[in-house]
Amino acid sequence: MSMSDDVKIIQCEEAIRKMLEYIDEELHQHDHASMEKHLESCRECYSRMEFEQRLKSMVKDSGSEPAPPGLNKRINKIIKDY
Ligand SMILES: [Zn+2]
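We now turn to the structure provided with this report. Computed from a prediction, not measured in an experiment: that's the story for all the values here. (Residues numbered from 1 in each chain as written. Predicted model: local features only at pLDDT ≥ 70, side-chain atom pairs only at ≥ 80, totals over all residues.)

Bringing the environment of leucine 39 into the picture now. Following the sequence through the fold, leucine 39 ends up in helix α2 (residues 29–41). Beyond its immediate chain neighbours, meaning those up to four positions away, leucine 39 contacts Cys45, Tyr46 and Met49. (Helix = DSSP H or I, 4+ residues; strand = E, 2+ residues; numbered from the N terminus. Contact = placed C-beta atoms within 7 Å.)

This is the structure in structure tokens:
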């Protein structure tokens, strides 16, 4: 965590604006870090982010394409390997 010193402090407004990109992991590394820092300290944005994530996975589940079955396996593997 040596790079945490240059993490920019952002306000809720900016966090909300970048939330969807954050969830999709489309933010640049430093923006991603700023979001994480904000979410650590802001309960409101954190709940909002959880809500958006749930919504997103619901949309994915109800879509015509089934969720990739490999994903859970991959996550389990990561946890096991950890
Ligand atoms: Zn916030």
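This part is about the packing of helix α1 (residues 12–23) against helix α3 (residues 43–62). Axis separation between α1 and α3 bottoms out at 10 Å; the angle between their running directions is 30 degrees. Taken together, the axis directions place α1 and α3 in an arrangement best described as roughly parallel. Seen along the crossing, α1 lies across α3 with a hand that is right-handed. Contacts between α1 and α3 involve Cys12, Ala15, Ile16, Met19, Leu20 and Ile23 from the former and Glu44, Cys45, Arg48, Met49, Glu52, Gln53 and Lys56 from the latter. Class assignment of the residues belonging to the contact of α1 with α3 gives a composition of 8 nonpolar, 1 polar and 4 charged. (Axes fitted to C-alpha atoms, helices over the stretch in contact; angles between N-to-C directions. Parallel < 35°, antiparallel > 145°, perpendicular 65-115°, else oblique. Left-handed = near helix turned anticlockwise from the far one by under 90°. Nonpolar A, V, L, I, M, F, W, Y, C, P; charged D, E, K, R; others polar.)

Even without being glycine, glutamate 25 reaches a positive phi, approximately 55 degrees. Relative to the assigned elements, glutamate 25 resides in the loop between α1 and α2.

The next thing to look at is the packing of α1 against α2. Running from amino to carboxyl end, α1 crosses α2 at an angle of 115 degrees, the nearest separation of the two axes being 10 Å. By crossing handedness, the relation of α1 to α2 is classed as left-handed. Between α1 and α2, the residues in contact are Ala15, Lys18 and Tyr22 and Asp31, His32, Met35 and His38, respectively. Broken down by class, the residue content of the contact of α1 with α2 amounts to 3 nonpolar, 2 polar and 2 charged.

The subject of this paragraph is the nonpolar core. Residues Ala15, Met19, Tyr22, Met35, Cys45 and Met49 constitute the largest nonpolar core, which totals 6 residues. Counting residues per element, the ones that place at least two in this core are α1 and α3. Beyond its immediate chain neighbours, meaning those up to four positions away, methionine 19 contacts Arg48, Met49 and Glu52. (Core = buried A, V, L, I, M, F, W, Y, C linked by C-beta atoms within 7 Å. Buried ≥ 20, exposed ≤ 12 C-beta atoms within 10 Å, placed from the backbone.)

A separate point is α2. A rise of 1.5 Å per residue sets the reference length of α2, with its 13 residues, at 18 Å; its end C-alpha atoms lie 19 Å apart and thus fit the reference within 8%. Within α2, burial applies to Ser34, Met35 and His38. Projected down its long axis, α2 carries its buried residues within an arc of 100 degrees, all on one side. Residues Gln29 and Glu40 are exposed on α2 and point more than 90 degrees away from its buried face. Tucked inside the fold, the buried residues of α2 contact α1 and α3. (Expected span 1.5 Å × (residues − 1). Arc of directions from axis to C-beta.)

Everything listed here is a matter of geometry and, on its own, says nothing about what the molecule does.
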